[in-house]
Amino acid sequence: MDKIYVTKEGYESLKAELRYLIDVERPQVLQEIKEARAQGDLSENADYDAARDKQAIIEAKITELTEKIENAQIIATTGNSNVVKIGCYVVLKFSNGLPEAEYHIVGSTEVNPKENKISNECALAKAIMGAKTGDVVTVKAAKPYEVEITYCGMKSSKK
């Protein structure tokens, strides 16, 4: 598995989710399986089948989170930089008429459109990586457009 880029907060969130699955979800599903077994014949036991399916999903998620944590590369989110890189906050002015917006560039595991967290792998982020405040870059999309970087830093411009 390749390195997975995450912020310190994202890394802590992955660890917390893993702990929850191991400490809470796994014991609960094991109890559900135990109770379903107590009902008798397993060949026609829907509760048993459902609990086993749930167990398989939980175990797969535990494996996935463990691999992500083992391969995590924590992004430095301190210092001052006007060069766009993973971990930066950027304010972009769009040439296509969209309103100016701030984005936090994060690794693919932390993407959250509601919080304006975009992946370093998306077309917009790829286009602005390495650019500086004041630069105008073309985003290669189905319909290319330009953006001007009006702010780039390791902290939100809103704080």
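Now for a description of the structure that goes with this document. Keep in mind it's a predicted model, so treat the numbers as computed, not measured.

Cut-off values and rules
Residues numbered from 1 in each chain as written. Predicted model: local features only at pLDDT ≥ 70, side-chain atom pairs only at ≥ 80, totals over all residues. Heavy atoms only, no water. Axes fitted to C-alpha atoms, helices over the stretch in contact; angles between N-to-C directions. Helix = DSSP H or I, 4+ residues; strand = E, 2+ residues; numbered from the N terminus. Parallel < 35°, antiparallel > 145°, perpendicular 65-115°, else oblique. Left-handed = near helix turned anticlockwise from the far one by under 90°. Nonpolar A, V, L, I, M, F, W, Y, C, P; charged D, E, K, R; others polar. Core = buried A, V, L, I, M, F, W, Y, C linked by side-chain atoms within 4.5 Å. Buried < 20%, exposed > 50% of the residue type's maximum accessible area, 1.4 Å probe, protein only. Contact = heavy atoms within 4.5 Å. Pairing = 2+ DSSP bridges. Phe/Tyr/Trp six-rings, centres within 6.5 Å; stacked < 30°, edge-to-face > 60°.

1. Side note on the packing of helix α1 (residues 8-37) against helix α2 (residues 46-70)
No. 1: Close contact between α1 and α2 brings their axes to 9 Å; oriented N to C, the two are set at 160°. Classified by the angle their axes make, α1 and α2 are roughly antiparallel. Handedness of the α1/α2 crossing: left-handed.
No. 2: Tallied by class, residues from the contact of α1 with α2 come to 15 nonpolar, 2 polar and 12 charged.

2. Side note on the nonpolar core
No. 1: By size, the foremost hydrophobic cluster in this structure holds 20 residues, and its most contacted members are V90, L92, Y103, L124, I128 and V147.
No. 2: Elements with a contribution of two residues or more to this core: β3 (89-94), β4 (101-106), α3 (123-128), β6 (136-139) and β7 (145-153).
No. 3: Excluding residues within four positions of it along the chain, V147 makes contact with L92, K93, F94, L124, I128, D135, V136, V137 and V139.
No. 4: Core analysis: the second largest hydrophobic core is formed by 12 residues, I4, V6, I58 and I69 among them.

3. Concerning the sheet that holds β3
What holds strands together in a sheet is hydrogen bonding between their backbones, with the strands either parallel or antiparallel.
No. 1: Read from one edge of the open sheet, 5 strands run β5-β4-β3-β7-β6, paired in mixed fashion. The sheet is open, and its two borders are formed by β5 (117-119) and β6, each paired with just one other strand. Each strand of the sheet is rotated relative to its neighbour by a mean of 45°, with strand direction disregarded.
No. 2: The sheet contact formed by β4 and β5 spans 3 bridges and is parallel.

4. Examining the packing of aromatic side chains
No. 1: Considering all chains together, one arrives at 2 aromatic pairs under this definition.
No. 2: With 6.4 Å between their ring centres and 85° between their planes, F94 and Y103 make a pair best called edge-to-face.
No. 3: Owing to a relative accessible area of 10%, F94 belongs among the buried residues under this scheme.
No. 4: Judged by centre distance (6.2 Å) and plane angle (40°), the ring pair of F94 and Y145 falls under tilted.

Coordinates in, geometry out; function isn't part of it.
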